Amino acid sequence: MTDHKTRFLNLALDAQALKFGEFTLKSGRKSPYFFNAGLFNSGRLMRELAIGYVDAIEHAGLDFDLIFGPAYKGIPLATAIAVELAARGRDLPLAYNRKEAKDHGEGGTLVGAPLQGRKVLVVDDVISAGTAIRESLDIIRANGAHIAGIAIALDRQELPGGIEPDPSNTQSATQSLSAELGVPVLAIATLADLVAFTADDERFLQHADAIAAYRQRYGA
Ligand code: OMP
């Protein structure tokens, strides 16, 4: 496992952004683990998270020239990533959307740098069944930009669909998105990384069976 994966998983566990138990997901699935990026809630935690993203992005050698963070959780992520990229000598434009259109002042739903003609890296927290991220892709394309790639912290490697996975699909939501868009979907870590990372650690033994069963049912 690469260093940035190990550092990120340690950080997420320390920040309790990765939790084990029983959680109901957006898709309606009951998951034995949950990743809450909102718990990277201090300057240090956010900075270390951004370092993890930028390490993963640089490792993949992706070609992009604007960073986009979908509301809400993508906004601080994209901002922290842009700051970390600038600290490494790469100052790129940054944009994000509002969930509610503003009808006064500058108006509209987009904030930050213009998207027109840009190669956009979309930054978000986690992909499960792949529903949430699709809304932001539509916004970016409607504003005349190309999607260059997607970077997330955790790829849950799940089949698309609702409580029951879509039977017509054998690829994970991230694999389907990547194939459909023709661009990489990068993650700092995947569920497979998390399973490997926790395998020999006594603190996580009690959750191993539930995670294996969940993977069996929903994993690609
Ligand atoms: P999908 O739309 O199914 O890909 O779910 C992604 C969204 O679910 C994320 O943007 C989160 O809002 C939320 N989520 C988490 O934050 N952490 C998880 O571990 C799982 C989910 C989820 O509900 O699937």
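The shown structure was predicted, so the numbers you read here are calculated from the model rather than taken from an experiment. (Residues numbered from 1 in each chain as written. Predicted model: local features only at pLDDT ≥ 70, side-chain atom pairs only at ≥ 80, totals over all residues. Heavy atoms only, no water.)

## Remarks on the overall build of the chain
Argument step 1. A count of helical and extended segments in the chain gives 7 helices and 8 strands.
Argument step 2. What you see for the chain is a C-alpha radius of gyration of 17 Å, in line with the 17 Å of a compact globule of 220 residues.
Argument step 3. For the C-alpha atoms alone, the extent of the chain along its principal axes is close to 50 × 40 × 35 Å.
Argument step 4. Pairs at least 24 residues apart make up 72% of the contacts formed inside the chain by residues separated by at least 6 positions. (Helix = DSSP H or I, 4+ residues; strand = E, 2+ residues; numbered from the N terminus. Rg over C-alpha atoms; globule rule 2.2 N^0.38 Å. Contact = heavy atoms within 4.5 Å.)

## Side note on unusual backbone geometry
Argument step 1. Each neighbour pair has its own omega, and for Ala71 with Tyr72 the value is -10°, a cis peptide bond.
Argument step 2. Even without a glycine there, the phi angle at Gln16 is positive, about 60°.
Argument step 3. Secondary-structure assignment places Gln16 in the loop between α1 (3-14) and β1 (18-24).
Argument step 4. Positive phi, normally seen in glycine, also occurs at Gln157, with a value near 55°.
Argument step 5. The exposure class of Gln157 is partly exposed, given its relative accessible area of 23%. (Buried < 20%, exposed > 50% of the residue type's maximum accessible area, 1.4 Å probe, protein only.)

## Here's the deal with the UniProt feature "binding site: orotate" (unreviewed entry) in the chain
Argument step 1. Under the feature "binding site: orotate" (unreviewed entry), the UniProt entry names Phe34, Phe35, Ser128 and Arg156. A stretch of 123 residues holds the annotated residues, and the largest C-alpha distance among them is 10.5 Å, short enough that they meet in one place.
Argument step 2. Within the fold, Phe35 resides in strand β2 (residues 30-35).
Argument step 3. By relative accessible area, which is 4% here, Phe35 ends up buried. (UniProt positions renumbered as here; feature names shortened; annotations may be inferred.)

## Observations concerning helix α2 (residues 43-60)
Argument step 1. With 18 residues, α2 extends 26 Å from end C-alpha to end C-alpha; this agrees with the ideal 26 Å at 1.5 Å per step.
Argument step 2. Those residues of α2 lying buried are Leu45, Met46, Leu49, Ala50, Gly52, Tyr53, Val54, Asp55, Ala56 and Ile57.
Argument step 3. Turning to α2, the residues buried within the fold contact α1, α3 (74-87), β6 (119-127), β7 (146-155) and β8 (185-190). (Expected span 1.5 Å × (residues − 1).)

## Digging into the environment of Gly28
Argument step 1. Of note, Gly28 is situated in the loop between β1 and β2.
Argument step 2. Between the C-alpha atom of Gly28 and that of Ser168, which follows or precedes it by 140 residues, the distance is 19 Å.

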